[in-house]
Amino acid sequence: MTLPLSEPNRLPYWLRRLWPIYCFLAALVTFGYALYDPYQIDGDAVSYMDIGDLIRAHNWHGVVNGYWNPLYPAALALGHVVFHATRFTELHAYYMVNFGVFLLEMLAIVAFTDALIQLRDLREDSTASPNAGSFLPASFVLDRYTLRYLGVGLLVISTQRELSMGKVRPDALLQAFLLLGLAALLKHLASSQLRYAALMGIFLGLAYLTKSFAFLFTLLCIIALILFRAFWQRHSASRIAAASLLALVCFLVIAGPFIAALSRQKGRFDFGDSGTLNYAWFISGTEKMHLQPNQTSLFGASEVHLKHPEKQLLQSPGIFSYRQLPYGTYPDWFDNSFWNDQVKAHMNPRIEIVVVGQCIVRIIRYIANHPEAWLLLVLLLLMGGCLSRDWQPSSNAFWVAPFLLGLGVLGIYGMVNIEDRYITVGLLAILLPLFAALRLSTGVEASATRTAASAAVVLLAILAVGESARTVGELRRELPFAGLPAGWYSPSIFGAAHALNDMGVGPGDTVACIGTTACLYDPYWARLAGVRVLTEIYVPTTPLYPSFAAMPNRDEAIDVVRRQGDKVLIGYFTLAS
């Protein structure tokens, strides 16, 4: 009697067939966010929009900025042109730009996960013993398509939260280029082909043009390339040198013109001042806002020789003029490297220890707020997966390079200041290699374990899309009840801009502001109205009205502002005050 053969596992087949549909659904729900995500503009966003305007006007001197890099503003400028945006409709165009960035992120995730699998399987073939049957490529829990589902699912989750469509910031674009750079690195390690080293340099150069953080990350990637090929792959020094030099040259071809222009503007070698200034503010204890040359007690551990500080018009309350800088809606935040030129940061060990501890707490809090992937990893381990701790050169340690580079992302930011939007790419570079490295434990039934693991991963991916669809539906239903024409519309901000225009204050005029909310945190009202904020009464306390009402020389302060020729004084006064 012949026993019937067991039915083959059809799940991998269906995962391949349904992959385009899943990608379409993920893109569709994210497009819903681009349509209905609420207003989330801040001072950073306004600066990027202003640089985008300068790019469209071909004002390259203003585009060269030591604090903000130009690639994301260039994308905003392109969106502005494509959608024929006006001042009052540009946010729709910028949300669509963010949707385009999301599609690029999906491509980057797929490239990264596929490169992981390729390096994993090639290393498995090259390191496996001829008599070792327990470490075949088939012993891994997740295959290529399953890892794709996981990566895109985690991307959708991050888009619901810290990398939402409403945040006009470059972090999602940076994440896309960093992942593409990592994918090219892994492809090079898998194939030793020089074209992938060149692609790594190109993608990391684009990442640098997005945020200067990528300059240091590029150096780490080149070091990772050298070490992995030297110690894990035992390649010759000449081949390693050729690949690393090619990657560096391609990086410099992309990033070099901006570095040269910035260095010429500053009169010294400079690849960006955002890292140095944040280190001065967070670690050296230097005053962040409106630092003056005579305020030595606020220098902290930094060496300060300001070349062009803000002009202080009144000591108390502090009133400052920004007429020196001819660019930006709110010039004080448009280019902080201009006002803080020649601030040289030095370490304050006591503050550094405190800041590192705070950053570790933020990372732990981020993990607690994003438990999905970690719970899934635990579930797969309980199902019969296991992680090998063997990272020796003789083993298949394909995960070492991306894992350590992910830790490098967290380490670089964790030395100064870390936020949720910075953490995501680092944890993706850590988590996805861990999932790819999962092997079947000895004694478990391989087919059933793989099927259950793939089903769990796909369930997480589907739930991520489903949760996004539910959220988008709620956002859409709330619009008519809130009386908003679009998700990106803010009644208070747009109302203030319309009111200024109705008063005859518009493009070409200058105004003054008071309070951090109207000045620093959200000056978008000024951009909408077409005016520039060239004078500020610095009142850092909130709510604003009690401080303003108790100001002993309020009339004198207003007279100082009036003499600057500014048309109106704008502040954000809450109803509670």
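Remember, predicted model here, so these are calculated numbers, not experimental data.

Colleague: I would appreciate a short explanation of unusual backbone geometry in the present structure.
Modeller: Working note: non-glycine residues mostly have negative phi, and peptide bonds are mostly trans. With an omega of -5°, the peptide bond between serine 316 and proline 317 qualifies as cis. For proline 317, the position within the fold is in the loop between β2 (311–314) and β3 (318–321). Between threonine 542 and proline 543 the backbone carries a cis peptide bond, its omega angle lying at -5°. Checked against the element boundaries, proline 543 lands in the loop between β8 (532–538) and α22 (544–549). Positive phi, normally seen in glycine, also occurs at arginine 234, with a value near 55°. Within the secondary structure layout, arginine 234 lies in the loop between α9 (213–232) and α10 (237–266). A positive phi is found at histidine 290, a non-glycine position, where the angle reads about 60°. Looking at where histidine 290 falls in the secondary structure, it is placed in the loop between α11 (274–282) and β1 (303–304).

Colleague: It is not clear to me how the pattern of salt bridges should be interpreted in this structure. Could you clarify?
Modeller: A side chain with one charge can pair with a side chain of the opposite charge if their charged atoms come near. If you walk through the whole model with that rule in mind, you get 24 salt bridges. Of the charged contacts, one joins aspartate 171 and lysine 211 as a salt bridge, the two residues approaching to 3.2 Å between their closest N and O atoms. Linking aspartate 171 in helix α7 (residues 171–191) with lysine 211 in the loop between α8 (194–210) and α9, this pair joins segments that are 40 residues apart in sequence. Here aspartate 171 matches lysine 211 in class, with each residue buried. Salt-bridge contacts for arginine 421 lead to aspartate 171; the nearest nitrogen and oxygen are separated by 2.8 Å. Taken as a pair, arginine 421 in helix α17 (residues 420–436) and aspartate 171 in helix α7 lie far apart in primary sequence, 250 residues in all.

Calculation criteria
Residues numbered from 1 in each chain as written. Predicted model: local features only at pLDDT ≥ 70, side-chain atom pairs only at ≥ 80, totals over all residues. Heavy atoms only, no water. Helix = DSSP H or I, 4+ residues; strand = E, 2+ residues; numbered from the N terminus. Salt bridge = Lys/Arg side-chain N within 4 Å of Asp/Glu carboxyl O. Buried < 20%, exposed > 50% of the residue type's maximum accessible area, 1.4 Å probe, protein only.

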